[in-house]
Amino acid sequence: MNKFTKISATALFALFLTACDKPADKPAPAKPETTQPAPEAKQEAAKPAEATPAQEQADYNKLLEWNASQAQAQMAAQQTLQSDLTAAVQAKDEKKIEEAIKTFNKTVEDTIASLDKLDITAPSVKSIKDQNKEVLALSSELLVDQLNLATKAPTEEQTKAYQAKVEKLQAAVAKLQKDGADLAQKFAPAAPATPAAK
């Protein structure tokens with residue numbers, strides 16, 4: 001059980017930090033292959049009118065700055081949680097395990113509140129903001145579930161529910177990474193494609 005706590009926490013840290021590290025966005029206006037333009041055009045027509053390329057770039061830069069400002073705080077929170085969990089697991093102290101996870105989850109809540117305060121209006125960048133929030137909330141929720149599974153004898157149903165949440169988080173992180181890479185390419189196309197200089 002103690003080993004499970006350590007392994008799961010490490011896996012969740014990796015997912016959590018990946019989510020904080022890479023801004024992702026679903027570029028809604030980029031759908032050239034629509035066969036039924038009427039319904040999608042209605043949804044998209046209201047959004048892009050609000051976001052000029054300059055506004056989208058400005059919002060993207062805000063999100064990058066937010067990610068950069070959060071990276072150090074989240075890394076410190078992760079390191080604190082890892083050391084607190086390791087000490088608590090070695091001491092076989094369930095209360096300290098619970099306290100460590102509560103402290104970390106408070107950090108996640110503060111991060112989400114900070115993200116909520118970020119004024120982003122461009123739909124493509126707002127999408128990444130929402131994806132970040134979803135991943136952060138799922139990470140926090142999974143830590144609590146993990147604590148419950150690690151300190152009690154879980155039923156098969158609880159284990160399956162936990163695994164389903166882990167898979168949901170992994171899918172959300174994968175989408176965040178893909179969309180983030182797409183958005184980064186949109187705003188800095190020269191950065192990743194420079195191996196032609198020989």
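For clarity, every value in this text was computed on a predicted model and none was experimentally measured. (Residues numbered from 1 in each chain as written. Predicted model: local features only at pLDDT ≥ 70, side-chain atom pairs only at ≥ 80, totals over all residues. Heavy atoms only, no water.)

## Digging into the overall build of the protein
Spelled out, the test is: Helix and strand assignments follow DSSP, with helices taken as H or I runs no shorter than four residues and strands as E runs no shorter than two, numbered in order from the N terminus. Each residue gets one of three labels from its accessible area relative to the maximum for its type: buried under 20%, exposed over 50%, partly exposed in between, using a 1.4 Å probe on protein chains only. Note on contacts: a residue pair is in contact if any heavy atoms of the two residues lie within 4.5 Å. Here the Shrake-Rupley method, with its probe set to 1.4 Å, supplies the accessible areas, and only the displayed protein chains count as covering residues.
Across its full length, the protein holds 6 helices and 0 strands. Ordered by position from the N terminus, the helices and strands of the protein form the series α-α-α-α-α-α. Residue burial in the protein is summarised as follows: out of 198 residues, 35% are buried. At a minimum sequence separation of 6, the contacts of the protein that also span at least 24 residues come to 82%. Carbon and sulfur atoms form 56% of the exposed surface of the protein, whose accessible area is close to 11600 Å².

## Some details on the side chain of E56
The condition is simple: Here a polar contact is recorded for every N or O atom pair within 3.5 Å, except that within protein the pair must consist of a potential hydrogen donor and a potential acceptor, and residues adjacent in sequence are included only if both atoms are side-chain atoms.
Here E56 lies in helix α3 (residues 53-91). Of the polar contacts made by the side chain of E56, one reaches the side chain of K186; its length is 2.8 Å. In this view, E56 contacts A122, S124, V125, L183, K186 and F187; residues no more than four positions away in its chain are not counted.

## Remarks on the packing of aromatic side chains
Here is the rule we go by: The rule is short: rings of Phe, Tyr and Trp, with Trp giving its six-membered ring, pair when the centres are within 6.5 Å, and they are stacked under 30 degrees, edge-to-face over 60, tilted in between.
Summed over the entire model, instances satisfying the criterion amount to 1 aromatic pair. A centroid spacing of 4.6 Å and a plane angle of 25 degrees characterise the contact between Y60 and F187, whose relative ring orientation is stacked. You can see Y60 sitting in helix α3 and its partner F187 sitting in helix α6 (residues 156-187), a full 127 residues away along the chain. By relative accessible area, Y60 is classed as buried at 7%.

## Considering α3
Under the convention used in this document: The span expected for a helix works out to 1.5 Å for each residue beyond the first. Values of bend correspond, residue by residue, to the angle between axes fitted over the seven residues ending at that residue and the seven starting there.
Here α3 spans 55 Å end to end across 39 residues, near enough to the 57 Å set by a 1.5 Å rise per residue. Of all the bends found along α3, the most pronounced is centred on A71 and spans about 30 degrees.

## A few points about the pattern of salt bridges
Once their charged atoms are close, side chains differing in charge can pair, the charge on each being opposite to the other. Inclusion rule: We count a salt bridge whenever a side-chain nitrogen from Lys or Arg sits within 4 Å of a carboxyl oxygen from Asp or Glu.
With the rule as written, the count across this model stands at 11 salt bridges. K62 is the partner of D59 in a salt bridge, and the nearest nitrogen-oxygen pair spans 3.6 Å. Of this pair, D59 and K62 both sit in helix α3, 3 residues apart, which is roughly one turn of that helix. Given a relative accessible area of 0%, D59 falls into the buried group. The salt bridge partner of K133 is D116, with a shortest N-O separation of 2.6 Å. A residue pair is termed long-range when its members are at least 10 positions apart, and K133 in helix α5 (residues 123-151) and D116 in helix α4 (residues 94-117) qualify at 17 residues. Taking relative accessible area as the criterion, D116 reaches 41% and is therefore assigned partly exposed.

## A word on unusual backbone geometry
If you check the backbone angles, K92 has positive phi at about 55 degrees while not being a glycine. Mapped onto the secondary structure, K92 falls in the loop between α3 and α4.

## Re the nonpolar core
Rules: Only buried residues count toward a nonpolar core, which is a set of Ala, Val, Leu, Ile, Met, Phe, Trp, Tyr and Cys residues joined through side-chain atoms within 4.5 Å.
Core analysis: the largest hydrophobic core is formed by 36 residues, its most contacted members being L63, L81, I97, I101 and V125. Of all the secondary structure elements, the ones that give two or more residues to this core are α3, α4, α5 and α6. Tallying contributions element by element places α5 first for this core, with 9 residues.

## Considering the confidence of the model for the protein
Let me state the cut-off plainly: The predictor attaches a confidence to each residue, called pLDDT, with possible values from 0 through 100.
On average, the protein scores 75 in pLDDT, and the residues at 70 or more come to 70%. Within the protein, helix α2 (residues 37-46) has the poorest average pLDDT of any element, 42, and α6 the best, 92. Confidence drops under a pLDDT of 50 for residues 1-48, and excluding neighbours within four residues, the segment shows 94 contacts in the predicted structure.

## Remarks on the side chain of D145
By secondary structure assignment, the location of D145 is in helix α5. In this structure D145 comes out as buried when scored by relative accessible area, which is 19%. Here K165 takes part through its side chain, which lies 2.7 Å from a polar atom of the side chain of D145. Once you skip the residues sitting within four places of it in the chain, D145 turns out to touch Y162 and K165.

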